[in-house]
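Architecture and fold: a report
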Amino acid sequence: GYGIYKYVILLIVGAFLLIKFQTFRKHEYKAINKWLLLYSIMILVSSYINRNSAQERKVFLVAIIFVVTILEIYYLFEYFIILNRTQELINTLFYLLLFYCILTDFVMIIFPTLYIEKEMYYLTGNKFEISYLHLQLLVMYLQKEKYKRQWLKFGKRDFGFLILVAVSFFASINVKCTTGTIGVVLLVIFYYCMVQKDRTLKKPVVFLVTLCISVSIFMLFSGIVQFEPIRYLIEDVFHRDITLTGRLIIYSSIGKVLSGHILLGYGMGSSFEIVMKMIGAPNTQNGVLEIILQQGIISLILLIVLVWKVFHYISKKRGINYALIMLYIYIVFASIEITLDVSFISWLVLALVFEKNTEQKAFMLSGE
């Protein structure tokens, strides 16, 4: 019944935002919203054109749901910014994530074989979704406790964070998700790097260059996995085959799949059917390739512009923005996973929320 619940919530939130429409007309995020709308329109155009193609999936309907979801997330979170209630939003999201993580972990421990009966799905999703849920909880905790922790000694400051790191690491190992385990390590590294390099990580060119390198490295330099240290890491540490569970085979055949559909793709939700039929794989196993396959390269360009606009805005601000940690993790894993989805877009707007939250807190601490 989750689908029906989701549609009802979308309807309620949509009605609320329409009532508050005037609030967004002259706001500072108007330029960013313009590119979000262009990106959304292009997704709809792509799927509409592909609506009658030989596919079982109703791609235009999937596109409508996707677009409505990202638009409502963006505008609802911006509404909290406009009302200067960013801390309330962050607290709410943190406790929701905490609740679902505790509940999911509890069920995993009490019923360790239940996921097998449920076709490898846990209470809140598959092993990847469980891992990302815990990573999101960690980042939300960092932002929630940001100013409280500044007044504590170093050891105490990180105690709660380290507990959540341990829990997240355990959860990823328990669900046998190598991506999640690496993600926890990356999160800790990014966390300590941000103290020194937060201004650098905020630069849009740095973020987009990192994305380009990440999503292309295995496609352009597949021989890199033969390099002995990397081969040892893949085969002996993570116990994966040298093709990265078939990913290198997919990348070598992706040109055939995209042929004739690079501009507009095949439509939202078409990935499994198209890729399975043509090369026997569930999807492209690459964040950017998945966007091109389903939405087309025009939509990809518009999404990149949207990312640039968001980062250009936050790069002008001072202070650490912990949402960047999650965004960088998403683009690093875009090299081997489908991560540039609704969650990625949600964390883009959360970067704006966190930035405004930082400004508000700094203003309050200054006593002005």
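Residues numbered from 1 in each chain as written. Predicted model: local features only at pLDDT ≥ 70, side-chain atom pairs only at ≥ 80, totals over all residues. Heavy atoms only, no water.

Quick notes on the overall build of the protein chain
Across its full length, the protein chain holds 18 helices and zero strands. In the protein chain, which comprises 368 residues, the share counted as buried stands at 49%. The long-range share in the protein chain, meaning contacts at least 24 apart out of those at least 6 apart in sequence, stands at 77%. As displayed, the protein chain has an accessible area near 18,600 Å², and 68% of this comes from carbon and sulfur atoms. (Helix = DSSP H or I, 4+ residues; strand = E, 2+ residues; numbered from the N terminus. Buried < 20%, exposed > 50% of the residue type's maximum accessible area, 1.4 Å probe, protein only. Contact = heavy atoms within 4.5 Å. Areas by Shrake-Rupley, 256 points an atom, 1.4 Å probe, with all protein chains shown as cover.)

Remarks on a nonpolar patch on the surface
Where nonpolar side chains cluster on the molecular surface, the patch consists of Tyr2, Ile4, Tyr5, Val8, Ile9 and Ile12 and spans about 660 Å² of accessible area. Examined against the element boundaries, Val8 turns out to sit in helix 1 (residues 2-19). Given a relative accessible area of 43%, Val8 falls into the partly exposed group. (Patch = residues over 30% accessible without salt bridge, like charges linked within 9 Å, V, L, I, M, F, W, Y side chains within 5 Å. Salt bridge = Lys/Arg side-chain N within 4 Å of Asp/Glu carboxyl O.)

Topic: the pattern of salt bridges
Applying the stated rule across the entire model yields four salt bridges. Lys356 is the salt-bridge partner of Glu28, the closest N and O atoms lying 3.1 Å from each other. You can see Glu28 sitting in the loop between helix 1 and helix 2 (30-49) and its partner Lys356 sitting in helix 18 (residues 342-366), a full 328 residues away along the chain. With relative accessibility at 13%, the residue Lys356 sits in the buried group. Linking Glu355 and Lys202 is a salt bridge whose minimum nitrogen-to-oxygen distance equals 3.2 Å. One end of the pair, Glu355, is in helix 18; the other, Lys202, is in the loop between helix 10 (178-201) and helix 11 (204-220), with 153 residues separating them in the sequence. The pair formed by Glu355 and Lys202 is uniform in burial state, with each residue classed as buried.

Some remarks on the nonpolar core
Ranked by size, the top nonpolar core spans 101 residues in total, and within it Ile325, Phe344, Trp347 and Phe354 carry the most contacts. The element contributing the most residues to this core is helix 3 (residues 59-82), with 12 residues. Counting residues in each nonpolar core, the second largest holds six residues, with Met108, Tyr115, Tyr122 and Val175 among its members. (Core = buried A, V, L, I, M, F, W, Y, C linked by side-chain atoms within 4.5 Å.)

Considerations on helix 10
Note on helix geometry: an α-helix contains 3.6 residues per turn, so any two residues three or four positions apart are oriented the same way. Given a rise of 1.5 Å per residue, 24 residues ought to cover 34 Å, yet the end C-alpha atoms of helix 10 are separated by just 25 Å, more than 12% below that figure. Taken as a whole, helix 10 carries its principal kink of about 85 degrees at Val195. (Expected span 1.5 Å × (residues − 1). Bend = angle between axes of the 7 residues up to and from the residue.)

Describing the environment of Tyr132
Position of Tyr132 relative to the elements: it lies in helix 6 (residues 127-144). Overall, Tyr132 belongs to the buried group, its relative accessible area being 11%. What Tyr132 contacts, discounting residues up to four positions off in sequence, is Thr179, Met326, Tyr330, Phe333, Glu337 and Thr339.

Examining the packing of helix 6 against helix 17 (residues 323-333)
When two helices pack together, their arrangement is given by the angle between the helix axes and by the axis-to-axis distance. Relative to each other, helix 6 and helix 17 sit at 155 degrees, their axes nearing to 8 Å. Considered as vectors, helix 6 and helix 17 are oriented roughly antiparallel to each other. Contact residues: helix 6 offers Tyr132, Leu135, Gln136, Val139 and Leu142, while helix 17 offers Ala323, Ile325, Met326, Ile329, Tyr330 and Phe333. Here the contact of helix 6 with helix 17 is composed, by residue class, of 10 nonpolar, one polar and no charged. (Axes fitted to C-alpha atoms, helices over the stretch in contact; angles between N-to-C directions. Parallel < 35°, antiparallel > 145°, perpendicular 65-115°, else oblique. Nonpolar A, V, L, I, M, F, W, Y, C, P; charged D, E, K, R; others polar.)

A short note on the packing of aromatic side chains
Applying the stated criterion across every chain, the model contains 19 aromatic pairs. Each ring, one from Phe207 and one from Tyr328, has its centre 5.0 Å from the other, and the planes form 80 degrees; the classification is edge-to-face. Of this pair, Phe207 sits in helix 11 while Tyr328 sits in helix 17; the two residues are 121 residues apart in sequence, bridging distant segments of the chain. An aromatic cluster is present here, built from Tyr132, Phe190, Phe207, Phe311, Tyr328, Tyr330, Phe333 and Phe344 joined pairwise through their rings. When the ring centre of Tyr48 is taken as origin, the NZ or CZ atom of Arg51, which lies over that ring, is 3.9 Å away. (Phe/Tyr/Trp six-rings, centres within 6.5 Å; stacked < 30°, edge-to-face > 60°. Lys NZ or Arg CZ within 6 Å of the ring centre and 35° of its normal.)

A closer look at the side chain of Thr339
Here Thr339 is to be found in the loop between helix 17 and helix 18. A relative accessible area of 2% places Thr339 in the buried class. Ignoring anything within four residues of it in the chain, the contact list for Thr339 reads Tyr132, Gly287, Tyr330, Phe333, Ala334 and Phe344.

Thoughts on the packing of helix 14 (residues 271-279) against helix 15 (residues 287-295)
Helix 15 packs onto helix 14 with a crossing angle of 100 degrees between their chain directions and a minimal axis gap of 10 Å. The orientation of helix 14 with respect to helix 15, classified from their angle, is roughly perpendicular. Between helix 14 and helix 15, the residues in contact are Ser271, Ile274 and Val275 and Glu290, Leu293 and Gln294, respectively. The class makeup of the residues in the contact of helix 14 with helix 15 is three nonpolar, two polar and one charged.

A short note on helix 3
With 24 residues, helix 3 should cover 34 Å at 1.5 Å per step; its first-to-last C-alpha distance of 34 Å lies within 8% of that length. After helix 3 finishes, the residue Asn84 shows a positive phi value of roughly 60 degrees.

Considerations on unusual backbone geometry
Of note in the backbone geometry, Asn84 takes a positive phi value of approximately 60 degrees without being a glycine. Note on placement: Asn84 falls in the loop between helix 3 and helix 4 (86-110). For Asn84, a relative accessible area of 54% translates into the label exposed.

Regarding the environment of Ile217
By the secondary structure assignment, Ile217 is in helix 11. Sequence separation of Ile217 and Ser335 is 118 residues, and the distance between their C-alpha atoms is 7.4 Å.

Geometric values such as these leave the question of function open.
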